[in-house]
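Coordinates in review
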Amino acid sequence: MIKASVAEIINKIEKGECFNAVSPDYSFIIKIDRYVPYVCAAIHNGNQFRKSLEKKCLHTAYERWYEEDPETLNMVKTHPIVISGCDSRFEYDLNRAPEDAIYTDAWGKKLWKEPLHDDERKESLNKHESFYKVVHALIKKLESMHKTCLVYDMHSYNWKRWEREVPTWNLGTKNVDESRFASAINDWKNSLSQMKLPNNIKSTAAINDTFQGNGYFLKYITKNFKNTLVLATEVKKIYCDELEEIVFPEVVDAIEQELSTRIQRHAKKYSS
């Protein structure tokens, strides 16, 4: 892996070079082994939090971890194109528009002891902007090379806060062309429901059950690129004890193994 500026990363993408890089501020990583017609993204995987902001934050490290999507990068890391956020969504949320990316409160609790200074906000929003410059260049390149592009937008969600049975996998599709991409959406849902998972975990899947796919990442790509389908894919946190902050590596590994073939097979069918 190399450390590369946003301009250098974009230049490599435009030239079709393969590389593995981290941004100079360590806010995101990107890997391109081959220019295949699909991307795996884990934008909420990160949990880095600037030390200068820590003293101002009312949420504990555990409270932040609870709302993040730990291990989602590990679930897709073997695919040819992967992009992931490294910073906590509590500093700035890559799945929100720039004007809303910095929380004032989070999940019913005030976030900051005192308002952030303009320069503190600017530093965070610059990272948000850099990430989307790279995303734009990447999808533009893939669309120029392939008929259709798919983005597997990986997230997780806390199931113990729900007072009903919720699916292992949820696809949020309200902001994509559900008519045009109906076959790809339904096939992805069906594939997820057929996973074999350890510890007697049943893999179920639903569309727009717990979440509807209202994230900025999906909306940004969908608005700017007409031949790219973003599949906002949320996994119930069956791979950890969300109350005890314990990760179950055997479940993470099983999900990664299942996704390694299922994503590849699905992308091949719907990008050809």
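The sections below set out a description of the structure shown in this document. (Residues numbered from 1 in each chain as written. Predicted model: local features only at pLDDT ≥ 70, side-chain atom pairs only at ≥ 80, totals over all residues. Heavy atoms only, no water.)

Section: the packing of aromatic side chains
So the rule is basically this: Aromatic pairs are defined between Phe, Tyr and Trp rings, using the six-membered ring for Trp, whenever the two ring centres lie within 6.5 Å; interplanar angles under 30 degrees are classed as stacked, those over 60 as edge-to-face, and all others as tilted. To qualify as a helix, a DSSP run of H or I must reach at least 4 residues; to qualify as a strand, a run of E must reach at least 2; elements of each kind are numbered from the N terminus. Think of it in three bands: residues with accessible area under 20% of the maximum for their type are buried, residues over 50% are exposed, and the middle band is partly exposed, with areas taken using a 1.4 Å probe on protein chains only.
A complete count under the given rule lists 17 aromatic pairs for this structure. Note on Phe-90 and Tyr-103: the rings are 5.8 Å apart at their centroids and 80° apart in plane angle, and the pair reads as edge-to-face. Taken together, the residues Phe-90 in the loop between β5 (81-85) and β6 (105-106) and Tyr-103 in the loop between β5 and β6 connect sequence positions 13 residues apart. Of the two residues, Phe-90 and Tyr-103, neither departs from the other in class, the shared state being buried.

Remarks on the side chain of Lys-141
Selection criterion: When charges are tallied, Lys and Arg are placed among the positive residues and Asp and Glu among the negative ones, while His and the ends of the chain are skipped. Take a side-chain nitrogen of Lys or Arg and a carboxyl oxygen of Asp or Glu: if they are within 4 Å of each other, that pair is a salt bridge. Contacts are residue-level and defined by heavy atoms, with any inter-residue pair within 4.5 Å sufficient.
Relative to the assigned elements, Lys-141 resides in helix α5 (residues 118-145). Although buried, Lys-141 forms no salt bridge, and the nearest oppositely charged side chain, Glu-14, lies 8.6 Å from it. Residues contacting Lys-141, with those up to four places away along its chain left out, are Ile-13, Glu-14, Lys-15, Gly-16 and Tyr-35.

Some thoughts on the pairing of strand β3 (residues 28-32)
Counted only if it meets this: The pairing criterion is simple: DSSP has to find at least two bridges between the two strands.
For β3, a buried count of 5 out of 5 residues is recorded, marking the element as mostly surrounded by other parts of the structure. On β3, burial covers both faces: Phe-28, Ile-30 and Ile-32 on one face and Ile-29 and Lys-31 on the other are all buried. Sheet topology note: the strand β2 (residues 19-22)/β3 ladder contains 4 bridges and is antiparallel. Paired with Phe-19 across the strands is Ile-32, a residue of β3. Joining the antiparallel neighbours β2 and β3 is a turn of 5 residues, in which Tyr-26 adopts a positive phi near 60°. In this structure, β3 lies alongside β5, joined through 5 bridges in antiparallel fashion. Bridge pairing in β5 links Lys-31 to Val-82.

Some points on the packing of helix α6 (residues 182-193) against helix α8 (residues 249-270)
We apply this condition: Angular values range over 0 to 180 degrees, each being the angle between N-to-C directions of two axes fitted as lines to C-alpha atoms, with helices fitted over their stretch in contact. Convention used here: angles under 35 degrees read as roughly parallel, angles over 145 as roughly antiparallel, angles from 65 to 115 as roughly perpendicular, and any remaining angle as oblique. The handedness criterion is simple: a crossing whose near helix is rotated anticlockwise from the far helix by less than a right angle is left-handed, and one whose near helix is rotated clockwise is right-handed. Throughout this entry, Asp, Glu, Lys and Arg are counted as charged residues, while Ala, Val, Leu, Ile, Met, Phe, Trp, Tyr, Cys and Pro are counted as nonpolar. The remaining residues, Gly among them, count as polar.
At their nearest, the axes of α6 and α8 sit 11 Å apart, and the two run at 160° to each other. Judged by the inter-axis angle, α6 sits roughly antiparallel to α8. For the element pair α6 and α8, the recorded crossing hand is right-handed. Of α8, the residues touching α6 (which contributes Ser-183, Ala-184, Asp-187, Trp-188, Ser-191 and Leu-192) are Leu-259, Arg-262, Ile-263, His-266, Lys-269 and Tyr-270. Looking at the contact of α6 with α8 residue by residue, the classes come out as 6 nonpolar, 3 polar and 3 charged.

Focus on the environment of Glu-8
Relative to the helices and strands, Glu-8 is located in helix α1 (residues 6-15). Linking Glu-8 and Ser-23, residues 15 residues apart in sequence, is a C-alpha distance of 9.7 Å.

A word on the nonpolar core
The cut-off we apply is this: Here the nonpolar core consists of buried residues drawn from Ala, Val, Leu, Ile, Met, Phe, Trp, Tyr and Cys, with membership extended through side-chain atoms lying within 4.5 Å.
One finds Ile-30, Tyr-152, Ile-255 and Leu-259 to be the most contacted residues of the largest nonpolar core, which totals 85 residues. Each residue touching Leu-259, except ones within four places of it in the same chain, is listed here: Met-75, Val-76, His-79, Met-154, Trp-169, Trp-188, Leu-192, Met-195 and Gln-264.

Some details on the sheet that holds strand β10 (residues 205-207)
What the 9 strands build is an open sheet, ordered β1-β2-β3-β5-β4-β8-β11-β9-β10; its pairing is mixed. In this open sheet, the two strands that pair with only one neighbour each are β1 (2-3) and β10. The sheet contacts of α5 involve β3, β4 (38-42), β5, β8 (149-157) and β11 (228-236), and relative to β3 the element is tilted by about 15°.

Topic: the pairing of β2
Rules: Look down the strands so they point away from you; if going from the first strand over the helix to the second traces a clockwise path, that crossover is right-handed.
Pairing of β1 with β2, which is carried by 2 bridges, proceeds in the parallel orientation. What sits directly across from Lys-3, in β2, is Val-22. For the segment spanning β1, α1 and β2, crossover handedness is right-handed.

Some words on α6
Worth spelling out the cut-off: To estimate the expected span of a helix, count its residues, drop one, and scale the result by 1.5 Å. Directions from the helix axis toward the C-beta atoms define the arc.
For α6, with 12 residues, the first-to-last C-alpha span of 17 Å sits near the 16 Å given by 1.5 Å per residue. When we look at burial in α6, the residues that qualify are Ala-184, Ile-185, Trp-188, Ser-191 and Leu-192. The buried residues of α6 all sit within an arc of 130° when viewed along its axis, so they share a single face. In this structure, the buried side of α6 is in contact with β8, β9 (169-172), β10, β11 and α8.

Quick word on the side chain of Arg-89
As a reminder of what qualifies: Polar contact is the term for a pair of N or O atoms within 3.5 Å; when the atoms are in protein, one must be able to donate a hydrogen and the other to accept it, and sequence-neighboring residues count only if both atoms are side-chain atoms.
Turning to its location among the elements, Arg-89 is positioned in the loop between β5 and β6. For Arg-89, a relative accessible area of 14% puts it in the buried group. Separated by 3.1 Å, the side chains of Arg-89 and Tyr-103 make a polar contact. Filtering out sequence-adjacent residues up to four positions away, Arg-89 remains in contact with His-44, Glu-67, Glu-68, Tyr-103 and Trp-107.

Regarding the environment of Lys-55
Topologically, Lys-55 is positioned in the loop between α2 (51-54) and α3 (61-67). Taking the C-alpha atoms as reference points, Lys-55 and Ser-193, separated by 138 residues in sequence, lie 43 Å from one another.

Geometry only, nothing functional implied.
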